[in-house]
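Tertiary structure, described
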Amino acid sequence: MRIAGLGLVVVKERMEGGGDWGAWLIVSSFLLDTKQHLSFCAVSVLLAIFLLSSSYYYHYVKSCRHNRRVPPGSLGVPLIGETLQFAFYNTCPIGSPPPFLSSRLRKYGTIFKTHLMGYPTVISMDLELNKLLLSNEEKLVQANFPSFIKKIAGPLLTVHGACHKRFQELATSAFNPAAIQAHHLIPVQEFMCSILHPWLHMPIVDAQHECRKFTFTYIVKSLVSLAPEDPKTELLMRNYLLLGIGFSAIMPVDLPGTTYNKVLKARKRIITIFSSLVQARRKIVEVECKDFLDMVIKEKDECGKHFSDQEIVEFIFFLVIGGFETTSILLTNVMKFLSENAHVVNELRKEHTFIRNNKKANEILAWDDFKKMQFTQLVIKETLRMASIAHYVSRKALQDIVFKDMVIPKGWKIMINFSMVHLSPSHCKNPLKYDPWRWKDTERSSQAFLMPFSGGKRSCPGSFLVKFQASIFIHYLVTRYKWERKMDVDGQLDVVSSLSLPTMRNGLFIKVEPL
Ligand SMILES: *[C@@H]1O[C@H](CO)[C@@H](O)[C@H](O)[C@H]1NC(C)=O
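To keep things clear, this report deals only with the structure shown in the data block.

Rules of the game
- Residue numbers restart at each chain and count upward from 1, following the sequence in its written direction.
- Owing to the predicted nature of the model, reporting of local features is limited to residues with pLDDT of at least 70; listing and counting of side-chain atom pairs is limited to 80 or more, with chain, interface and lining totals taken over all residues.
- Processing note: side-chain calculations cover all non-hydrogen atoms of the structure and skip hydrogens and water entirely.
- Each residue is placed in one exposure class: buried if its accessible area under a 1.4 Å probe, protein chains only, is under 20% of its type's maximum, exposed if it is over 50%, and partly exposed if it falls in between.
- The way it works is that DSSP assigns letters per residue, a run of H or I at least four long becomes a helix, a run of E at least two long becomes a strand, and they are numbered from the N terminus.
- A contact between two residues is defined here by any heavy atoms of the two lying within 4.5 Å.
- Nearness of a residue to a molecule or strand requires only that one of the residue's heavy atoms be within 4 Å of it.
- Residues adjacent in sequence count toward polar contacts only when both atoms are side-chain atoms; beyond that, a polar contact is any pair of N or O atoms within 3.5 Å, and within protein one must be able to donate a hydrogen and the other to accept it.
- Here the Shrake-Rupley method, with its probe set to 1.4 Å, supplies the accessible areas, and only the displayed protein chains count as covering residues.
- At least two bridges found by DSSP between two strands are what make those strands a pair.
- Axis lines are fitted to C-alpha atoms, over the contacting stretch for helices. Their N-to-C directions set the angle, which ranges from 0 to 180 degrees.

Okay, helix α5 (residues 99-108) next. Regarding α5, the residues found buried are Phe100, Leu101, Ser102 and Arg104. Where the residues of α5 are buried, they touch α4 (83-88), β1 (111-116), β2 (119-124), β8 (413-417) and α19 (418-422). Note on α5: the residue one or two positions beyond its end, Gly109, has a positive phi of about 95 degrees.

If you want it as structure tokens, here you go:
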């Protein structure tokens, strides 16, 4: 069933825009889903096989005709390429490369070809190529996502050109250092303390869940001023967590009862809540901007045109997707690595006790205090290196891309993998060792291989806020508490699935005591 489902997804992807086929597939996938009418199942699987192999051979033949060499590697077996290997050999503990990639790295080097989900794909673990591609967004490559993901994330995911630029600039101006100093310095600390304090009274803390709670309540507070205790906050968070499941849906077919259907419904519920918030806000005339929503409502383009309600709602929806799980992954990973590296915690304690010593007991930190957190920044860098938030971004070649003696043919997909660069011995010594000090004496130029927030036009506009939040988290954590890591329920640590965001499957359990 699962394989048939996978086949269908692939077929759907290849048929993007093909209405008749789409209708047919919906019928057959429905039958697949209800496990009835085996003959229909068989027909749909056969069709999937046919489409897949024709696309496979089409690309295979095309790739052989090229004068220059396409990257080394194998397109796998006809039909599914290497999709199954990719899915099964791609799970690994945090901070180590998955077997699917490390074996190919050994065999073919940093750039190789494969065939995934019905498309010939190049996976790049090459810093130089990654940078070339990211700095030539919309010339050489274009953001590329399967249509089922586009449907969940909304139109902003793939928006490009002037429109993308406007959103990107707006988000950047809302989260640059000056804005953080003005609007986030105090609230982040208040939120952080209110999340951390109850940890003392919990027999066991799921740090991952708590970090999610912090990130989510904080993000909706700063975007649309929803209070943590507002029932809408909780409702929104539940629906956003559902979206996360959708991104790794194995069978994204929108029919009653399927997971994908539930995910799309969650998206609708979120949009409805945000719409009503935006409409309500329109009725109030604010003199001062108190949150992000006020700011976008006031915003005009050069011709004096304001954003429509729908644009604003999609924008906010998208910012929460971009900021929620990602920030909480960083905080969770900080917790994980600190739990394993007592000497790092000691060094952090020195730095933060020093900062605390110049303050009254519960006094809130000032901007200058944040600037004193030098070692803390190294810890955050090292955490981002070992455990990237987004391992890769997916692009499509807009033209034949020539790189060194290779060519990536037009239309192929390219996965730009940052994590593998971060874990490469050619960029840092002992890459599998957690060592914040390594950043201390490395020169600026040799640090440029770290790209945890992607790069180019589509780099993450919230990167500074994330690092700021992590610094504050570390401050209150090491100055007030000590903690110990506990085993997961099934005795396994750090199981993450690489198909979706690298969140820990079971959570991260700790026991906390006052310092
Ligand atoms: C990129 O690398 C990371 C590990 O370093 C891996 O978990 C992830 O699946 C990779 N993604 C792709 C598409 O290559």
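This part covers the site of the ligand. The immediate surroundings of the ligand are formed by 13 residues, with Asn90, Pro98, Met415, Asn417 and Ser419 found nearest. The side chain of Asn417 places a nitrogen or oxygen atom 2.6 Å from an oxygen atom of the ligand. Compared with its free state, where it exposes 360 Å², the ligand has 98% of that area covered by protein. Every element with two or more residues in the shell around the ligand is listed here: β8 and α19.

Bringing the sheet that holds strand β4 (residues 205-206) into the picture now. Taken in spatial order, the 3 strands line up as β4-β10-β9 in an open sheet, and their pairing is antiparallel. Looking at which strands have only one partner, the edges of the open sheet turn out to be β4 and β9 (481-486). The pairing of β9 with strand β10 (residues 509-514) spans 6 bridges and is classified as antiparallel. Residue Trp483 lies in a different strand from β10, and its bridge partner there is Val512. In the packing of helix α21 (residues 463-480) onto the sheet, contacts are made with β9 and β10, and the angle to β9 comes to roughly 95 degrees.

A separate point is the sheet that holds strand β3 (residues 141-143). Two pairing modes exist for strands in a sheet, parallel and antiparallel, and in both the strands are linked by backbone hydrogen bonds. Ordered by their spatial adjacency, 5 strands build an open sheet running β1-β2-β8-β5-β3, and the pairing between neighbours is mixed. Only two strands of the sheet have a single partner each, and these edge strands are β1 and β3. Ignoring which end each strand starts from, the neighbouring axes of this sheet average 35 degrees apart. Packing against the sheet, helix α6 (residues 127-134) makes contact with β1, β2, β3, β5 (392-397) and β8, and its axis sits at approximately 115 degrees to β8.

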